[in-house]
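Architecture and fold: a report
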Number of protein chains: 2
Amino acid sequence: MNIGEASRVSGVSAKMIRYYEEIGLIPPAPRRDSGYRDYAEADVHRLRFIRRARDLGFTVDQITELLGLWSDRSRASSKVRSLALSHVDELARKKKEIEAMISLLERLVRSCHGDDRPDCPILDELAADEAEPFGRPATGPQRFGQIGERKGAGRATRP
Amino acid sequence: MNIGEASRVSGVSAKMIRYYEEIGLIPPAPRRDSGYRDYAEADVHRLRFIRRARDLGFTVDQITELLGLWSDRSRASSKVRSLALSHVDELARKKKEIEAMISLLERLVRSCHGDDRPDCPILDELAADEAEPFGRPATGPQRFGQIGERKGAGRATRP
DNA sequence: CCTTGACCTTCCCATGATGGGAACCCTTAT
DNA sequence: ATAAGGGTTCCCATCATGGGAAGGTCAAGG
């Protein structure tokens, strides 16, 4: 079948199918004389696998591993399990970051009357001079962490 | 002060300061004869504002708006508030997506014995043929939604 | 005065997963 | 034969961020 149909039945866009081929996530599809890619059921199967894994938030690298484990009939299920578990950890981390942002923001929003008067605690907090503007209850050394997972994970330029 | 010190005291990397200038989030810094950018306290203040807003997950576009509101002494606080509220909504949406992924994954992990035997329900589910592989309790029309916020928000190529 | 090292400048490239679109080729039905 | 609707490759954009090269500047110490 052509790439369009493979896309329709697998739920992966044609653009993505070509991209997955390019990066080696799937093997190069055989070509017809016309140059068109030709897909079989097994390929669609694999694409569906990929799509479901993507829907679960796995990265392409992780999916590469999962596909390897999938095709290895003698793998230990513990490998798959630990891959899934570490992904859950990662998701839980992101969830916590988001929750921290939400609770901070909700507090700021609650403190803002939100009418047509110009004074606004939200902006005041963002503009505060102090190092710890979000006045948490002084209960210890925990920070909010570098929220939003920007890579450097740290403040400014530290080589 | 030089960009390095501005970076240190604001918590925004020098690279990002230059980038923010380039995209117009901050005005071009005055230059010394040497060509070095020169920052004053007010600039550092603004950079700190930006960093805090980024830490709260606001996009650069939203921060542009926030800075505009910040410098407008006659703005209505309701504007800031609604900006913050819609950002909270967005964060809540992401949080729900992540939660859906986590609960699905946790269920799969629970169903996987995770020893050295090769059979693995996690892979089996990812590879399942059915359209609804994650066998939810048949309680209605709700779907998990297009998790992971890939733009198309939909299945495959539908122009 | 000159060197050294720390700083600054600009410019280009990479990330991850995805879409948009142009220019061009293939197939099939009217 | 022509039009419509595929397909192909190639380039570009996203978003916020960092890496690194090539080269200019500055301050301290010999």
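Right above here is the structure, for reference.
Residues numbered from 1 in each chain as written. Chains lettered and ligands numbered in written order. Predicted model: local features only at pLDDT ≥ 70, side-chain atom pairs only at ≥ 80, totals over all residues. Heavy atoms only, no water.

Secondary structure assignment for chain A yields 6 helices and 0 strands. Reading the secondary structure of chain A in the N-to-C direction produces α-α-α-α-α-α. Scored against the burial criterion, the 159 residues of chain A give a buried share of 39%. Look at the contacts in chain A between residues 6 or more apart in sequence, and 48% of them connect residues 24 or more apart. (Helix = DSSP H or I, 4+ residues; strand = E, 2+ residues; numbered from the N terminus. Buried < 20%, exposed > 50% of the residue type's maximum accessible area, 1.4 Å probe, protein only. Contact = heavy atoms within 4.5 Å.)

Bringing the packing of helix H5 (residues 77-111) of chain A against helix H5 (residues 77-111) of chain B into the picture now. Two elements in contact, H5 of chain A and H5 of chain B, have axes whose closest approach is 9 Å; the angle formed by their N-to-C orientations is 160°. Here H5 of chain B runs roughly antiparallel to H5 of chain A, going by the angle between their axes. Every pair of crossing elements has a handedness; the one defined by H5 of chain A and H5 of chain B is left-handed. A per-class count over the contact of H5 of chain A with H5 of chain B returns 20 nonpolar, 2 polar and 10 charged. (Axes fitted to C-alpha atoms, helices over the stretch in contact; angles between N-to-C directions. Parallel < 35°, antiparallel > 145°, perpendicular 65-115°, else oblique. Left-handed = near helix turned anticlockwise from the far one by under 90°. Nonpolar A, V, L, I, M, F, W, Y, C, P; charged D, E, K, R; others polar.)

Take the packing of aromatic side chains next. Using the criterion set out here, one finds 4 aromatic pairs over all chains in the structure. Ring geometry for Tyr 19 of chain A and Tyr 20 of chain A: centres 6.0 Å apart, planes at 50°, overall tilted. By relative accessible area, which is 37% here, Tyr 19 of chain A ends up partly exposed. Each ring, one from Phe 49 of chain B and one from Trp 70 of chain B, has its centre 4.4 Å from the other, and the planes form 15°; the classification is stacked. Taken together, the positions of Phe 49 of chain B in helix H3 (residues 41-55) and Trp 70 of chain B in helix H4 (residues 60-71) put the pair 21 residues apart, joining distant regions of the chain. Residue classification places Phe 49 of chain B among the buried residues on the basis of a relative accessible area of 0%. With relative accessibility at 23%, the residue Trp 70 of chain B sits in the partly exposed group. (Phe/Tyr/Trp six-rings, centres within 6.5 Å; stacked < 30°, edge-to-face > 60°.)

Looking now at the relation of the copies chain B and chain A. Overlaying chain B on chain A yields an RMSD of 0.1 Å, the required transformation being a rotation through 180° with an accompanying axial translation of 0.0 Å. Here the copies are linked by what is in effect a two-fold axis. No C-alpha of chain B approaches the rotation axis more nearly than that of Lys 95 of chain B, which lies at 2.9 Å. Of all interface residues in chain B, 100% are interface residues in chain A too; the two copies therefore contact each other through one and the same surface. (Least-squares fit on C-alpha atoms with pLDDT ≥ 70 in both.)

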